[in-house]
Amino acid sequence: MNNKKYIYVVLSQTPTKFGSLIRKGIGAKYNHASIAFDENLEQLYSFGRAQHEIPVKAGIVKEFRERFSLNRVEYVPCKVYRIPVSQLDYARGVEMIKQIKNDTDGYLYNLFSVLLYPMFRGFKTYKCFTCVEFTAYMLHYMNVDWESSKPDCKYLPQQLGDELEEWAYFEGNLLSKLQPSPEESAEYFKKSNCFNTVIRSIPILVRLGFRKMRYL
């Protein structure tokens with residue numbers, strides 16, 4: 001491929017009880033997916049919580065070291081895939097990130113798809129993504145030539161990794177590749193009492209419900 005650029009898909013473990021439960025439930029090593037536009041993983045994006053203590057308040061996020069470690073662990077298992085794309089498709093991907101971040105409606109986390117995965121094996125919701133759904137969508141949007149066998153919303157992180165295996169690049173400790181981000185970390189770990197969490201969560205759940213109805 002002439003004038004090629006590279007993007008990086010990162011599969012990782014989340015060091016939480018919920019993350020561990022997901023991995024055991026699906027029988028997979030990794031439960032989280034992200035996509036980066038540089039080898040140093042400084043421009044690393046996914047869909048997840050905006051604040052750690054408010055699970056429902058989630059959407060597109062820029063990943064950083066403390067999000068992965070939660071200031072609890074020094075080793076986060078990961079697998080990284082290095083994928084070639086054209087300069088044009090690389091630029092399209094960067095622009096799409098900007099569009100999602102600046103969308104006036106605001107993209108949300110596809111929470112109901114995750115919670116109901118045992119029944120429906122994932123489903124699409126208007127302007128919503130899970131972490132792996134977002135990653136698969138971005139790969140398709142940048143015309144990555146991979147034999148996707150199902151809709152983006154149907155993938156689990158490990159399943160996506162299996163289909164990208166030809167581009168496997170690194171496996172080991174994700175934290176060794178990331179720099180601390182004190183300012184972003186302070187915002188992410190901001191404290192919220194139970195009452196405020198409930199009050200903030202209700203409107204988001206209502207918006208999610210209405211967005212899902214658009215696909216019924």
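Residues numbered from 1 in each chain as written. Predicted model: local features only at pLDDT ≥ 70, side-chain atom pairs only at ≥ 80, totals over all residues. Heavy atoms only, no water.

In this section: the overall build of the protein chain. Check the secondary structure of the protein chain and you find nine helices and eight strands. In terms of C-alpha radius of gyration, the protein chain reaches 17 Å, essentially the compact-globule figure of 17 Å for 216 residues. Taking the principal axes of its C-alpha atoms as reference, the protein chain extends roughly 55 × 40 × 35 Å. For the protein chain, the residues scored as buried account for 47% of the 216 residues in total. (Helix = DSSP H or I, 4+ residues; strand = E, 2+ residues; numbered from the N terminus. Rg over C-alpha atoms; globule rule 2.2 N^0.38 Å. Buried < 20%, exposed > 50% of the residue type's maximum accessible area, 1.4 Å probe, protein only.)

This paragraph deals with the layout of surface pockets. Space inside the largest pocket adds up to approximately 990 Å³. What lines the largest pocket is a set of 40 residues, and nearest its centre among them are Phe 18, Ile 22, Asn 31, Tyr 109 and Val 114. Only helix H1 (17-26), strand S3 (44-49), helix H2 (65-69), helix H4 (111-115), helix H5 (117-120) and helix H6 (131-141) provide two or more residues apiece to the lining of the largest pocket. In terms of residue count, the dominant contributor to the lining of the largest pocket is H1 (six residues). Here the lining of the largest pocket is composed, by residue class, of 24 nonpolar, 13 polar and three charged. Its volume calculated, the second largest pocket comes out at about 200 Å³. Taken together, 15 residues make up the lining of the second largest pocket; nearest its centre are Ala 50, Ala 58, Gly 59, Ile 60 and Val 61. Counting only elements with at least two residues in the lining of the second largest pocket, the list comes to S3, strand S4 (58-62) and helix H9 (194-213). With five residues, the top contributor of residues to the lining of the second largest pocket is S4. (1 Å grid on protein atoms, 1.4 Å probe; cavity = no way out; pocket = protein on both sides within 12 Å on 5 of 7 lines; lining within 4 Å. Points joined across faces, edges and corners; volume = space filled by probe spheres on them. Nonpolar A, V, L, I, M, F, W, Y, C, P; charged D, E, K, R; others polar.)

This paragraph deals with the sheet that holds strand S5 (residues 77-86). Reading across from one edge, S4-S3-S2-S1-S5-S8 is the order of the six strands in this open sheet, with antiparallel pairing throughout. If you trace the sheet from one side to the other, it starts and ends with S4 and strand S8 (168-173), each paired once. Going from strand to strand, the sheet's axes swing by 25° on average, the running direction of each strand aside. Summarising the sheet, S5 and S8 pair through five bridges and their orientation is antiparallel. Within the sheet, the bridge partner assigned to Pro 77 lies in S8 and is Asn 173. Contacting strand S1 (4-12), S3, S4 and S5, helix H3 (residues 87-102) runs over the sheet at an angle of about 120° to S5. On the sheet, H6 packs against S1, strand S2 (32-36), S3, S4 and S5 and is oriented at approximately 35° with respect to S2. (Pairing = 2+ DSSP bridges. Axes fitted to C-alpha atoms, helices over the stretch in contact; angles between N-to-C directions. Contact = heavy atoms within 4.5 Å.)

Time to look at the side chain of Lys 212. Note on placement: Lys 212 falls in helix H9. Of the side chains bearing the opposite charge, Glu 133 lies closest to the buried Lys 212, which forms no salt bridge; the N-O distance is 8.9 Å. With residues up to four places along the chain from it excluded, the contact list for Lys 212 reads Phe 123, Lys 124 and Thr 125. (Lys, Arg positive; Asp, Glu negative; His and termini not counted. Salt bridge = Lys/Arg side-chain N within 4 Å of Asp/Glu carboxyl O.)

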